[in-house]
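As a plain string of letters, each chain reads:
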Amino acid sequence: MTKPKDTTANPALAATQPVLEWWQKQFSQGATPMAHMQLAWMQSMADAMQFEAEFLQALAESGQKIAQSFDGETPQTPTEMQERYQQLIKEVTDAQMERMQKAAELSHDFRKRLWEEI
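Parameters and conventions
Residues numbered from 1 in each chain as written. Predicted model: local features only at pLDDT ≥ 70, side-chain atom pairs only at ≥ 80, totals over all residues. Heavy atoms only, no water. Helix = DSSP H or I, 4+ residues; strand = E, 2+ residues; numbered from the N terminus. Buried < 20%, exposed > 50% of the residue type's maximum accessible area, 1.4 Å probe, protein only. Areas by Shrake-Rupley, 256 points an atom, 1.4 Å probe, with all protein chains shown as cover. Contact = heavy atoms within 4.5 Å. Patch = residues over 30% accessible without salt bridge, like charges linked within 9 Å, V, L, I, M, F, W, Y side chains within 5 Å. Salt bridge = Lys/Arg side-chain N within 4 Å of Asp/Glu carboxyl O. Phe/Tyr/Trp six-rings, centres within 6.5 Å; stacked < 30°, edge-to-face > 60°. Lys NZ or Arg CZ within 6 Å of the ring centre and 35° of its normal. pLDDT = per-residue confidence, 0-100.

Draft legend 1. Focus on the overall build of the protein chain. A count of helices and strands for the protein chain gives three helices and zero strands. Taken across its 118 residues, the protein chain has 11% of its residues classed as buried. For the protein chain, the accessible surface area stands at approximately 9,800 Å², while carbon and sulfur atoms represent 61% of it.

Listed below in structure tokens is the structure:
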């Protein structure tokens, strides 16, 4: 009986092949949770960008209202002008408070998404 010859170029590499296959399987399984965590982070960033867009829209609408107040019916007294500015400032302040509230919730939502993935 003759002993079969090892046809691989490096017999030491052939001996470690089962370990490499096991490591590759473990590595690919470990990458999936990381991808899910990255997805959760990206979703949180998309939410933050949406909140910022809503705030910028509120600022633009406020500026548009100021411009329209001078194009159309102009305020006749300083009191009327003050009332208009106070109303616009209130709208911007409300938008800012809503923005801050959503930002505070975003951190909680991000942690919740991460725990769901873990």
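From this point, the discussion proceeds with the structure in view.
Draft legend 2. Spatial organisation of the side chain of serine 62. Note on placement: serine 62 falls in helix α2 (residues 17–71). The contacts of serine 62, once residues within four sequence positions are left out, are Leu88 and Val92.

Draft legend 3. Looking closely at a nonpolar patch on the surface. A contiguous nonpolar surface patch, about 320 Å² in accessible area, is contributed by Trp41, Met42 and Met45. Position of methionine 42 among the secondary structure elements: in helix α2. For methionine 42, a relative accessible area of 46% translates into the label partly exposed.

Draft legend 4. Spotlight on the side chain of serine 44. Here serine 44 lies in helix α2. Beyond its immediate sequence surroundings of up to four residues, serine 44 is in contact with Leu106, Phe110 and Arg113.

Draft legend 5. Spatial organisation of the packing of aromatic side chains. This structure, assessed with the given rule, holds zero aromatic pairs. It is arginine 99 that lies over the ring of phenylalanine 55; its NZ or CZ is 4.4 Å from the centre.

Draft legend 6. Representation of the confidence of the model for the protein chain. Across the protein chain, the average pLDDT comes to 78, with 81% of residues at or above 70. Per-element confidence in the protein chain ranges from a low mean pLDDT of 68 for helix α1 (residues 11–15) to a high of 82 for helix α3 (residues 78–117).

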